[in-house]
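Examination of the molecular architecture
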Amino acid sequence: QVQLQESGPGLVKPLETLSLTCAVSGYSISSGYYWGCVRQSPEKGLEWIGNMHHSGITHYNPSLRSRLTFSMDTSKNQLSLKLTSMTAADTAIYYCVADVGSGAYFDYWGQGILVTVSS
Amino acid sequence: EIVLTQSPGTLSLSPGERAILSCRASQSVTGNCFAWYQQKPGQAPRLLIHGASSRATGIPDRFSGSGSGTDFTLTINRLEPEDFAVYYCQQYSTSPFNFGPGTKVDI
């Protein structure tokens, strides 16, 4: 059973960079699947952020592409996200997700982490 | 980008009744790349349906999905108490892979 666990700061200052880590258990990320993030806020609802395959293939939401970077550490079996120039509009619950069908729908979700952007 | 509109916003029903939830896309969703999720308060969404009509692993057969093109439907037969939740649709044929705003099914 795939399990995902988000970790990162609960509070980020405006214009700073969010660094979020998704730890994966129950499956080796180097074996396949796409791994990514979805966020949820009252203002925007559910929003797909992007995903990454261990081969290096990445897909980013065009609205976030200029600020977003995904990376993988297969030795730690985790995905990392960096989102730069954070604003209040980026305040949301960030979920790690796994796409096992290569179709960009999300079979597994982490519990989510609330990230608030505030000075 | 494809914008999804869900109706109704809220559906008030009783256990044992049938729920019919609709999702309309602003342009055609190709390849039936369409999914439905259920979310309960304080929890992450859970995948119910992918490929417009394929149930995800472990999802009871009272949940069924249908539709193609721009109009998709999630039907929940014989509502159980645990089915009262918010339901989201999602298209994954065209990036960005947007979600709908949700339909709340409550008692």
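Described in the following lines is the structure provided in the data block. None of these values were measured; they are calculated from a predicted model. (Residues numbered from 1 in each chain as written. Chains lettered and ligands numbered in written order. Predicted model: local features only at pLDDT ≥ 70, side-chain atom pairs only at ≥ 80, totals over all residues. Heavy atoms only, no water.)

**Quick notes on the overall build of chain B**
Basically, it comes down to this: Labels follow the DSSP assignment, with helices taken as runs of H or I lasting at least four residues and strands as runs of E lasting at least two, numbered in each case from the N terminus. Radius of gyration: C-alpha atoms only; globule rule: 2.2 Å multiplied by the number of residues to the exponent 0.38. Accessibility here uses a 1.4 Å probe with only protein chains present; expressed as a share of the type maximum, an area under 20% marks a residue as buried, one over 50% as exposed, and anything in between as partly exposed. We call two residues in contact when some of their heavy atoms are within 4.5 Å. In this description, accessible areas are obtained by the Shrake-Rupley approach with a 1.4 Å probe, and a residue is regarded as covered only by the protein chains that are shown. Here Asp and Glu are counted as negative and Lys and Arg as positive; His is not counted, and neither are the chain ends. Taken as the charge location is NZ of Lys, CZ of Arg, CG of Asp or CD of Glu.
What chain B contains, in helices and strands, is zero helices and nine strands. In chain B, the order of α-helices and β-strands from amino to carboxyl end is β-β-β-β-β-β-β-β-β. Its C-alpha radius of gyration of 13 Å places chain B within 12% of the 13 Å reference for a compact globule of 107 residues. In terms of principal-axis extent, the alpha carbons of chain B reach across some 35 × 25 × 25 Å. Split into buried and exposed, the 107 residues of chain B put 47% on the buried side. Residue pairs at least 24 apart in sequence account for 55% of intrachain contacts in chain B once pairs closer than 6 positions are excluded. When the accessible area of chain B is evaluated, it comes to approximately 4800 Å², of which 46% is carbon and sulfur surface. Looking at chain B, you have 8 positive and 8 negative side-chain charges, and the mean spots of the two groups are 3 Å apart.

**Remarks on the overall build of chain A**
Scanning chain A from N- to C-terminus turns up zero helices and 11 strands. On C-alpha atoms alone, chain A measures out to a radius of gyration of 13 Å, which is about the 14 Å that the 2.2 N^0.38 rule sets for 119 residues. Within the span of chain A, comprising 119 residues, buried residues form 48% of the whole. Sequence-distant contacts, at least 24 apart, represent 53% of the contacts inside chain A between residues at least 6 apart. By element, 49% of the accessible surface of chain A is carried by carbon and sulfur atoms, the whole surface being about 5300 Å². Side chains of chain A give 7 positive and 8 negative charges; the mean places of these two sets differ by 8 Å.

**So, the layout of surface pockets**
This is how the line gets drawn: Note on definitions: the grid is 1 Å and covers protein atoms alone; a cavity is a set of points where a 1.4 Å probe fits but cannot get out; a pocket is an open set with protein on both sides within 12 Å along at least five of seven lines; lining residues have an atom within 4 Å of a point. Grid points are joined across faces, edges and corners, and a volume is the space filled by probe spheres set on the points. The residue classification treats Ala, Val, Leu, Ile, Met, Phe, Trp, Tyr, Cys and Pro as nonpolar and Asp, Glu, Lys and Arg as charged. All others, Gly included, are polar.
Volume-wise, the largest pocket comes out at about 430 Å³. Lining the largest pocket are 17 residues; nearest its centre among them are A:Q1, A:D107, A:Y108, A:W109 and B:R46. Elements with a contribution of two residues or more to the lining of the largest pocket: β1 (3-7) and β10 (108-109) of chain A together with β5 (46-50) of chain B. For the lining of the largest pocket, the leading source of residues is β5(B), giving three residues. Split by residue class, the lining of the largest pocket holds 10 nonpolar, five polar and two charged. Computed from the structure, the second largest pocket encloses a volume of approximately 220 Å³. Taken together, 15 residues make up the lining of the second largest pocket; nearest its centre are A:K44, A:L46, B:E1, B:N98 and B:F99. It is strand β5 (residues 45-53) of chain A that provides the largest number of residues to the lining of the second largest pocket, a total of four residues. Classifying every residue of the lining of the second largest pocket gives seven nonpolar, five polar and three charged.

**Topic: unusual backbone geometry**
Residues and elements named next belong to chain B. In this model, S7 is joined to P8 through a cis peptide bond whose omega is -10°. Relative to the helices and strands, P8 resides in the loop between β1 (4-7) and β2 (10-12). Here the bond from S95 into P96 is cis, since omega is 0°, no more than 30 degrees from zero. Among the structural elements, P96 can be located in the loop between β8 (86-91) and β9 (103-106).

**Quick notes on the state of the cysteines**
Spelled out, the test is: Disulfides are defined as pairs of cysteine sulfur atoms found within 2.5 Å of each other.
In total, this model carries two disulfides over all chains according to the counting rule given. Disulfide pairing is shown between B:C23 and B:C89; the S-S distance is 2.0 Å. On the S-S bond that ties B:C23 to B:C89, the torsion sits near 60°, and the link is right-handed. With a gap of 66 residues between them, B:C23 in strand β3 (residues 19-29) and B:C89 in strand β8 connect regions that are remote in the sequence. Using a relative accessible area of 2% as the deciding quantity, one classes B:C23 as buried. Looking at B:C89, the relative accessible area reads 0%, which means it is buried. You can see A:C37 has no disulfide; the closest cysteine sulfur is in A:C22, sitting 4.1 Å from it. B:C33 carries a free sulfur, and the closest cysteine sulfur to it, the one in B:C23, is 14 Å from it.

Take it as geometry only, folks, not as evidence of what the structure does.
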